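This is what each chain is made of:
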Amino acid sequence: MAKLEIQPVSCLRDNYAWLAYDRKEGVCAVVDPSEAEPVKRALAGHHLRLTHILNTHHHPDHVGGNLALKSEFGAIIVGPGKDSARIPGIDVGVVEGGSYAVGSHSAQVLEIPAHTRGHIAFWFEKDGMVFTGDTLFAMGCGRLFEGDPPTMWSSLSKLMRLPDVTEVYCGHEYTEANGRFAITVEPNNPALTTRMAEVRAMRAEGRPTLPSTMGLEKKTNPFLRPDSPEIRRSLGLEAADNVAVFAETRRRKDNF
Ligand SMILES: [Zn+2]
């Protein structure tokens, strides 16, 4: 089995939809299509026919293209079973412990609530990739619209158990802004300063900063590093538990 091929599709202002496809098998999924037109142009440009739509959560900038793409291609829409009422055109609702296969490429479903209560990730274990929507970003995490800090910490901890080599595909190009915040709480993390220099260079050339990897996120993402002594010192929370450190990091980012 060949690995899924991936193409980013820039949508709206800073969203990414992701094409994930296997030409030999004739399957092509789009993850979180914000809008139909850029996805249609990308499909035509790469001579692909859409077979599946995978949604991580219900926000309009992740499902806005669902119905137009479904009516044009007859694509099957797969999304969070616990939020199926909010996913336009959903055909298959999936839950924790379940899986869904695009051709022979099987994705395990991880429920990772807090940004929304139904948020899921699709983990293609054999392909070594995870689609994290708006829960885990490069050097950041999503806002807590429908969940509290303990819930988000538990969701992020679930992703941290994936292998370090797992490629991370998220829903937005927020990396540079996230990194500017990260440096304020952990200025002496050499992996972080190195990464920020790379990210700035990529953005200066207009290139996507994704995918990341779980290993890189664990070294540089402050929301995955509540046990970092430097972050704890920055926040004045040397003796707090990880959830409290995570919650304070999130609160500061909200006000950054
Ligand atoms: Zn969202």
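That block above? That's the structure.
If you're wondering where the values come from, they're calculated on a predicted model, not measured in any experiment.

Cut-offs applied
- Residues numbered from 1 in each chain as written.
- Predicted model: local features only at pLDDT ≥ 70, side-chain atom pairs only at ≥ 80, totals over all residues.
- Heavy atoms only, no water.
- Helix = DSSP H or I, 4+ residues; strand = E, 2+ residues; numbered from the N terminus.
- Rg over C-alpha atoms; globule rule 2.2 N^0.38 Å.
- Contact = heavy atoms within 4.5 Å.
- Areas by Shrake-Rupley, 256 points an atom, 1.4 Å probe, with all protein chains shown as cover.
- Core = buried A, V, L, I, M, F, W, Y, C linked by side-chain atoms within 4.5 Å.
- Buried < 20%, exposed > 50% of the residue type's maximum accessible area, 1.4 Å probe, protein only.
- Phe/Tyr/Trp six-rings, centres within 6.5 Å; stacked < 30°, edge-to-face > 60°.
- Donors = N, O, S within 2.8 Å, 3.2 Å for Na, K, Ca; no water.
- Pairing = 2+ DSSP bridges.
- Axes fitted to C-alpha atoms, helices over the stretch in contact; angles between N-to-C directions.

K.L.:
Which residues make up the overall build of the protein chain, and what values go with them?
P.N.:
From N to C terminus, the protein chain includes 9 helices and 14 strands. A globule of 256 residues ought to have a C-alpha radius of gyration of about 18 Å, and the protein chain, at 18 Å, matches this closely. C-alpha atoms of the protein chain, sized along the principal axes, occupy 55 × 40 × 35 Å. Nonlocal contacts in the protein chain, meaning residues at least 24 apart in sequence, comprise 58% of its contacts between residues at least 6 apart. By element, 52% of the accessible surface of the protein chain is carried by carbon and sulfur atoms, the whole surface being about 10,600 Å².

K.L.:
A description of the nonpolar core should follow, citing residues and the corresponding values.
P.N.:
Grouped together as the largest cluster of nonpolar side chains are 25 residues, with contacts concentrated most on Trp-18, Phe-122, Phe-124 and Phe-131. The set of elements that each furnish at least two residues to this core consists of strand E2 (15-22), strand E3 (27-31), strand E7 (99-102), strand E8 (105-111), strand E9 (120-124), strand E10 (129-133) and strand E13 (167-170). Every residue in contact with Trp-18, bar those within four places of it in the chain, is listed here: Ile-6, Gln-7, Pro-8, Ala-29, Val-30, Val-31, Phe-131, Tyr-169, Cys-170 and Leu-210.

K.L.:
Can you lay out the packing of aromatic side chains for me, pointing to particular residues and giving the numbers?
P.N.:
Within the structure shown, the criterion is met by 9 aromatic pairs. Aromatic pair Phe-181 and Phe-256: ring centres 5.3 Å apart, planes at 70°, arrangement edge-to-face. Of this pair, Phe-181 sits in helix H5 (residues 175-185) while Phe-256 sits in the segment after helix H9 (242-254), placing them 75 residues apart in sequence.

K.L.:
Which residues make up the coordination of the zinc ion, and what are the values?
P.N.:
Coordination of the zinc ion by the protein comes from His-57 (NE2), His-59 (ND1), His-115 (NE2) and Asp-134 (OD), over a distance range of 2.2 to 2.3 Å. Every donor residue of the zinc ion comes from the same chain, spaced as H-x1-H-x55-H-x18-D.

K.L.:
Account for the sheet that holds E3, naming residues and giving values.
P.N.:
Strand order in this open sheet of 6 strands is E1-E2-E3-E4-E5-E6, and the pairing throughout is mixed. The sheet is open, and its two borders are formed by strand E1 (5-11) and strand E6 (92-94), each paired with just one other strand. For this sheet, the mean angle separating the axes of adjacent strands, direction not counted, is 25°. Where strand E5 (residues 76-80) and E6 come together, 3 bridges link them in parallel fashion. In the strand pairing of E6, Gly-79 is matched with Gly-93. Strands E1, E2 and E3 of the sheet are contacted by helix H1 (residues 36-45), whose axis makes an angle of about 145° with E1. Helix H3 (residues 66-73) contacts E3, strand E4 (52-54) and E5 of the sheet and is inclined by roughly 165° relative to E4.

K.L.:
Help me get a handle on the pairing of E9, residues and values and all.
P.N.:
Counting buried positions along E9 gives 5 out of 5 residues, so the element sits mostly inside the fold. Neither face of E9 is exposed, since Ile-120, Phe-122 and Phe-124 on one face and Ala-121 and Trp-123 on the opposite face are all buried. Examined bridge by bridge, E8 and E9 share 4 bridges and lie antiparallel to one another. Note that in E9 the partner of Leu-110 across the bridge is Ala-121. The antiparallel hairpin formed by E9 and E10 contains 4 residues in its connecting segment, where Gly-128 sits at a positive phi of about 70°.

K.L.:
Describe the sheet that holds E8, with residues and values.
P.N.:
Pairing is mixed across the open sheet formed by 6 strands, whose spatial order is E7-E8-E9-E10-E13-E14. Edge positions in the sheet fall to E7 and strand E14 (212-213), since each of these pairs with one other strand and no more. In this structure, E7 lies alongside E8, joined through 4 bridges in antiparallel fashion. Along E8, the bridge assignment pairs Ser-99 with Gln-108. Along the sheet, helix H4 (residues 149-160) makes contact with E8, E9 and E10, crossing E8 at roughly 150°.

K.L.:
Explain unusual backbone geometry residue by residue, including any values.
P.N.:
The residue after Leu-210, namely Pro-211, is reached through a cis peptide bond having omega 0°. Counting through the fold element by element, Pro-211 comes out in the loop between helix H6 (190-204) and E14. One non-glycine residue, Ala-114, adopts positive backbone phi at about 140°. Tracing the backbone shows Ala-114 in the loop between E8 and E9.

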